[in-house]
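Survey of secondary and tertiary structure
Each chain is listed here by its residues.
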Amino acid sequence: MLRLAANLNRLGTETAFEVLARAAELERQGRSIINLGIGQPDFKTPQHIVEAAVKALADGHHGYTPAQGILPLRVAVAKDLLRRHGVEINPDDIVIMPGGKPTMFFAILMFGEPGAEILYPDPGFPIYRSMIEYSGAKPVPIPLLEENGFAFTADQVLARLTANTRLIILNSPNNPCGGAVAPAEVARLVAGLERHPHTTVLSDEIYSQMLYGGRAHESLLRHGAIRDRLIVLDGWSKTYAMTGWRLGFSVWPRALIETVVRLAVNCHSCVNAPTQFAGIAALEGPQDAVATMVAAFDARRRVIVPLLNALPGFRCLDPAGAFYAFPNVSGTGMPARTLQNKMLEQAGVATVSGTSFGVHGEGFIRFSYANSVDNIREAVQRIDRLLGQ
Ligand code: PLP
């Protein structure tokens, strides 16, 4: 019997990948499956980005790069942050990562230990809690409530701070609910954090370019008062349909750069070189593909929400951002997990139960609308027939 480290028992996972595997298995058996479970754009990476990576390979960029990422890419990220958020960030404070996830992994490893408390959104991206538990820190959920439009409030966060709170994880627009925080609420939170100078903030802004209904994203980077204890996670996965490339970036306080780069050197050395050139092409090339994708998600959002609201026992808010609808399904009388399984096994529709994202997700199901309008309509019809049985 192999003896694994005991702390692995505390490491969780992401149910979306299990749903994906089960959906693929059912498809192999010849079943028709509509996948509204996976959180990735259904678009291809724009061609000019692909070509930049091919060119980088042809040009001989085959070696290691600096662990922090190549300078031209960090400069391109700084320009992008100036364009989008109106803030000047020094490229030396930017770290290129293999995706969005490593930033949370490293930030939580940096602050999590027994005795520490880390706040995180619930329902939220499951890796937050998984990593907090793994680190030995105490996970303290910030409930994202339907009545608040699934956005955190400053009061909720501030009320949970103690002398032991080392890190606050925020995510707006959020996965899985599609909620987004209002700029005024961010300002109130930042003001309240003045009384807690030893707490660091990790702001996961990976969906920052996916907001609807004329909403604007309020990056925490705009709040200079906490810049020396703010980590911002962002990346290319969602914005440029590049989930499989594994490319992300984060902005760090200068004082943490040496530590995060040391963690990167211990883990992955650097992001693969051609992908970094693709990242430059994405940021410096035409942005119309981003606008086209976001417009498509918005159109689908306007299709799926009324359809879900018409299902018996479903009630769905208009999502403010990302590409997820998060209906309240408690009216069906079924626990979320049971309904998720029935929809997959009996109706051939893959979704993810709210409970996969935390205890406050009970009674909800996440529908990713990164799928065609025809598939969305067909999926909801199938669910309607299932619920009518
Ligand atoms: N943060 C949130 C909120 C996400 O939903 C995801 C992916 O689903 C990530 C981070 C991770 O992104 P990446 O695939 O770039 O690691």
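Just so we're clear, the structure is a prediction, and the values are computed from it rather than from any experiment. (Residues numbered from 1 in each chain as written. Predicted model: local features only at pLDDT ≥ 70, side-chain atom pairs only at ≥ 80, totals over all residues. Heavy atoms only, no water.)

**Focus on the domain arrangement of the chain**
- Looking at the chain, the domain boundaries give domain 1 (6-44 + 288-388) and domain 2 (63-284).
- Computed over C-alpha atoms, the centres of domain 1 and domain 2 are 25 Å apart.
- Approximately 3100 Å² of surface area, both sides summed, lies buried where domain 1 meets domain 2, with 61% of it carried by carbon and sulfur atoms.
- Together, Ala320, Phe357 and His360 form the three largest contributors to the area buried by domain 1 at its contact with domain 2, with a combined 19%.
- In this structure, lysine 101 engages glutamate 14 in a salt bridge whose closest nitrogen and oxygen atoms are separated by 2.7 Å.
- Along the contact surface separating domain 1 from domain 2 lie 18 residue pairs in polar contact (both at pLDDT 80 or more).
- It is helix α10 (residues 288-309) that provides the largest number of residues to the side of domain 1 that touches domain 2, a total of 6 residues. (Domains from an automatic or database assignment. Buried area = accessible area lost by both parts, 1.4 Å probe. Salt bridge = Lys/Arg side-chain N within 4 Å of Asp/Glu carboxyl O. Polar contact = N/O pair within 3.5 Å; in protein donor to acceptor, adjacent residues only side chain to side chain. Helix = DSSP H or I, 4+ residues; strand = E, 2+ residues; numbered from the N terminus.)

**Comments concerning the site of the ligand**
- If you check the shell around the ligand, you find 14 residues, and the closest are Gly100, Asp204, Ser237, Lys238 and Arg246.
- The side chain of tyrosine 207 places a nitrogen or oxygen atom 2.8 Å from an oxygen atom of the ligand.
- Within the side chain of serine 237, a nitrogen or oxygen atom sits 2.6 Å from an oxygen atom of the ligand. (Near = heavy atom within 4 Å.)

**Considering helix α8 (residues 254-267)**
- The terminal C-alpha atoms of α8 lie 21 Å apart, and with 14 residues this matches the ideal 20 Å at 1.5 Å per residue to within 8%.
- Those residues of α8 not exposed but buried are Leu256, Ile257, Val260, Val261 and Ala264. Here the buried residues of α8 occupy an arc of 140 degrees about the axis, which is enough to place them on one side. Turned more than 90 degrees away from the buried face of α8, the exposed residues are Ala255 and Asn266.
- Along its buried surface, α8 packs onto β2 (94-97), α4 (101-111) and β7 (230-235).
- Backbone geometry just after α8 places serine 269 at a positive phi near 65 degrees. (Expected span 1.5 Å × (residues − 1). Buried < 20%, exposed > 50% of the residue type's maximum accessible area, 1.4 Å probe, protein only. Arc of directions from axis to C-beta. Contact = heavy atoms within 4.5 Å.)

**Focus: α10**
- Between the first and last C-alpha of α10 there are 32 Å, a value that for 22 residues agrees with the 32 Å anticipated at 1.5 Å per step.
- Looking at α10, one finds that the buried residues are Val290, Met293, Val294, Ala296, Phe297, Asp298, Arg300, Arg301, Val303, Ile304, Val305 and Leu308.
- Turning to α10, the residues buried within the fold contact β9 (324-325), β12 (365-368) and α12 (373-388).

**A look at the sheet that holds β12**
- In space, the 3 strands of this open sheet follow the order β9-β12-β11, with antiparallel pairing throughout. With partners counted over all chains shown, the strands left at the sheet margins are β9 and β11 (352-353), one partner each.
- As judged from the 2 bridges shared by β11 and β12, these two strands associate in the antiparallel manner. Looking at β12, one finds that serine 353 is bridged to isoleucine 365.
- Helix α11 (residues 336-347) contacts β11 and β12 of the sheet and is inclined by roughly 40 degrees relative to β12. (Pairing = 2+ DSSP bridges. Axes fitted to C-alpha atoms, helices over the stretch in contact; angles between N-to-C directions.)

**Quick notes on the packing of α4 against helix α5 (residues 126-135)**
- The contact between α4 and α5 brings their axes to 9 Å, and the two run at 30 degrees. It follows from the interaxial angle that α4 and α5 lie roughly parallel. α5 is crossed by α4, and the crossing has right-handed handedness. Here α4 contributes Lys101, Met104, Phe105, Ile108 and Leu109 to the contact with α5, which in turn contributes Ile127, Tyr128, Met131, Ile132 and Ser135. (Parallel < 35°, antiparallel > 145°, perpendicular 65-115°, else oblique. Left-handed = near helix turned anticlockwise from the far one by under 90°.)

**Examining unusual backbone geometry**
- Of the consecutive residues serine 172 and proline 173, the connecting peptide bond is found in the cis state with omega at -10 degrees.
- Positive phi is not limited to glycine here, since alanine 322 has a value of about 60 degrees.
- Checked against the element boundaries, alanine 322 lands in the loop between α10 and β9.
- Residue classification places alanine 322 among the buried residues on the basis of a relative accessible area of 0%.

**Examining the packing of aromatic side chains**
- Taken as a whole and assessed by the stated rule, the structure comprises 12 aromatic pairs.
- Where tyrosine 207 meets tyrosine 324, the ring centres are 5.7 Å apart and the plane angle is 80 degrees; that geometry is what we call edge-to-face. Highlighted residues: tyrosine 207 in the loop between β6 (200-204) and β7 and tyrosine 324 in strand β9, separated in sequence by 117 residues.
- Exposure remark for tyrosine 324: the relative accessible area of 0% places this residue in the buried category.
- The structure contains a cluster of three or more aromatic residues connected by ring pairs, namely Phe43, Tyr207, Phe297, Phe323 and Tyr324. (Phe/Tyr/Trp six-rings, centres within 6.5 Å; stacked < 30°, edge-to-face > 60°.)

**With respect to the state of the cysteines**
- Under the definition given, this model contains 0 disulfides.
- Left without a disulfide partner, cysteine 316 is nearest to the cysteine sulfur of cysteine 177, which lies 11 Å away. (Disulfide = S-S within 2.5 Å.)

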